[in-house]
Amino acid sequence: MSEPILELRGLHKRFGTAVPADDFSMDVDRGEFFTMLGPSGSGKSTILRMIAGLEYPDRGSIVINGRDMTRVPPWDRHLGMVFQNYAIFPHLDVGQNVAYGLRKTGTSKVNAKARVESLLALVGLEGFGERNVAQLSGGEQQRVAIARALAPNPSILLLDEPLSALDEKIRREMQDELRNIHQRTGTTFIYVTHDQEEALTMSDRVAVLNAGAYVQCDTPKEIFRYPRTPFVAHFFRGCNVLQAEYRRRDDKVFVALAGAEAEVDPRGRDLSSGCLAIRGETVHFGPPAATSDMALNATIEAITYRGLYSNYHLKLADGQTLEATLSQRSPMAVGDTVYISIHADNLVVLEPD
Ligand SMILES: Nc1ncnc2c1ncn2[C@@H]1O[C@H](COP(=O)(O)OP(=O)(O)OP(=O)(O)O)[C@@H](O)[C@H]1O
């Protein structure tokens, strides 16, 4: 296996009472699209800024490409950075903005012109070189910022919520575009966001941060399907966190919920939280397909229409609420008692936060 391109070891940073990095360690592999996901104040930006050299840690080390960079100034780290506010120069045209990124690379004028053109093509702005940046839309301005940051061929591109100022439709297009740019350049991307969908759509791996530490670091599929703690589960829309009871019998683990019981795969997790995660779309209305499924009775308390699907707020026999999603039309109505089942693999054991 190749050595990681970035190694963070025991990073600690304090600002008064805020501790945005608390003994934070993490490796990022070469060529990876790595995302730090967390709520506001969880420390994502500070950790990114420490990688960039815009802040120094109080303790700990930052190794990039096998070299200790902890105290190296930003301009000697060979990293690119893209921020939420586009940070492009209004007095320069598009081409000049991108060429600005080449100024310290010793690129000849002829080569610079060709490089600028290929970067503009890479970000989908072919032929935009002489445009005034003030005439560009927010999404186009951000493409210019990305092209400029990639111009000197940085070993890592750091992106701090670069899409959050854009409207929903453009943001989605840019998510695909960024993933594309990442694949075509092979550059390592480290991305910061508080948007779960953005993290899941683009990343190879996602680290979920809480209070200066990461709670889980996994592939998008793994983290979405098997959140490790209630904090991570709550972060992903549509995931229910329920109080349950775990029982061990003959080397097996069973979960009891609202009078029902099913065997679960504990995935090596600590059972002491007594919390169970169930994603809304994994709730099946009707009898169980297998004897190992969990089967429950519930009452429909409310139905919320959401266009592509509806949310069913179900009250279980123990008084807890389970929110299920259903994409097809159904004759079920508020007040009905329904029989539901959940496949054992969709009963996810949560560790304590
Ligand atoms: N320069 C600073 N001076 C004082 N406190 C700071 C400074 N930078 C960050 N903090 C504090 O550190 C904590 C973490 O901030 P940080 O911006 O890293 O979090 P974040 O997860 O990126 O949040 P957001 O998504 O809101 O940017 C916050 O409580 C913040 O107020």
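Everything quoted here is computed from the prediction, not taken from an experiment.

Turning next to the sheet that holds strand S16 (residues 283–285). A sheet is described by the order of its strands in space; here five strands give the open sequence S16-S20-S17-S18-S19, paired in antiparallel fashion. Lying at the two open borders of the sheet, with one neighbouring strand each, are S16 and strand S19 (321–326). Pairs of neighbouring strands in the sheet enclose a mean axial angle of 45 degrees, with direction left out of account. Sheet analysis places strand S17 (residues 294–305) next to strand S18 (residues 310–316), joined by seven bridges and oriented antiparallel. Note on S18: the bridge partner recorded for Thr299 is Lys315.

As a further point, take the environment of Val116. By the secondary structure assignment, Val116 is in helix H3 (residues 109–122). Among residues more than four places away in sequence, those in contact with Val116 are Gly95, Val98, Ala99 and Gly129.

Let us now look at the nonpolar core. In summary, soluble globular proteins display a tendency toward joint burial of nonpolar side chains. Ranked by internal contacts, the top residues of the largest apolar core, which has 92 residues, are Val98, Ala147, Leu158, Ile190, Val208, Leu276 and Leu347. Counting contributing residues per domain, this core is built from domain 1 (6–226) and domain 2 (231–350), each supplying no fewer than three. Excluding residues within four positions of it along the chain, Ile190 makes contact with Val28, Phe34, Leu48, Ile51, Ile156 and Leu158.

What follows concerns the sheet that holds strand S10 (residues 213–218). Taken together, the six strands give an open sheet; going across it, the order is S6-S7-S8-S3-S9-S10, and neighbouring strands pair in mixed fashion. Since the sheet does not close on itself, it has two edges, and those belong to strand S6 (79–82) and S10, each with one partner. The sheet shows a mean angle of 20 degrees between the axes of neighbouring strands, direction not considered. Two elements, strand S9 (residues 205–210) and S10, share five bridges in a ladder whose sense is antiparallel. Paired with Asn210 across the bridge in S10 is Ala213. Helix H4 (residues 138–150) rests against S6 and strand S7 (156–160) of the sheet, and its axis sits at about 170 degrees to S6.

As a further point, take the site of the ligand. Near the ligand, the surroundings consist of Phe15, Ala18, Pro20, Gly38, Ser40, Gly41, Ser42, Gly43, Lys44, Ser45, Thr46 and His194. When residues of the shell around the ligand are traced back to their parent elements, those giving at least two are strand S2 (18–28) and helix H1 (44–52). Top element by residues in the shell around the ligand is H1. It accounts for three residues. Looking at the shell around the ligand, its residues break down into three nonpolar, eight polar and one charged.

To continue, consider the domain arrangement of the chain. Its domain assignment divides the chain into domain 1 (6–226) and domain 2 (231–350). Every contact between the two is made by eight residues of domain 1 and, on the other side, seven residues of domain 2. Only S9, S10 and helix H7 (220–225) provide two or more residues apiece to the side of domain 1 that touches domain 2. Of the residues in the side of domain 1 that touches domain 2, the class split is five nonpolar, three polar and no charged.

What counts and what doesn't
Residues numbered from 1 in each chain as written. Predicted model: local features only at pLDDT ≥ 70, side-chain atom pairs only at ≥ 80, totals over all residues. Pairing = 2+ DSSP bridges. Helix = DSSP H or I, 4+ residues; strand = E, 2+ residues; numbered from the N terminus. Axes fitted to C-alpha atoms, helices over the stretch in contact; angles between N-to-C directions. Contact = placed C-beta atoms within 7 Å. Core = buried A, V, L, I, M, F, W, Y, C linked by C-beta atoms within 7 Å. Buried ≥ 20, exposed ≤ 12 C-beta atoms within 10 Å, placed from the backbone. Domains from an automatic or database assignment. Near = placed C-beta within 6 Å. Nonpolar A, V, L, I, M, F, W, Y, C, P; charged D, E, K, R; others polar.

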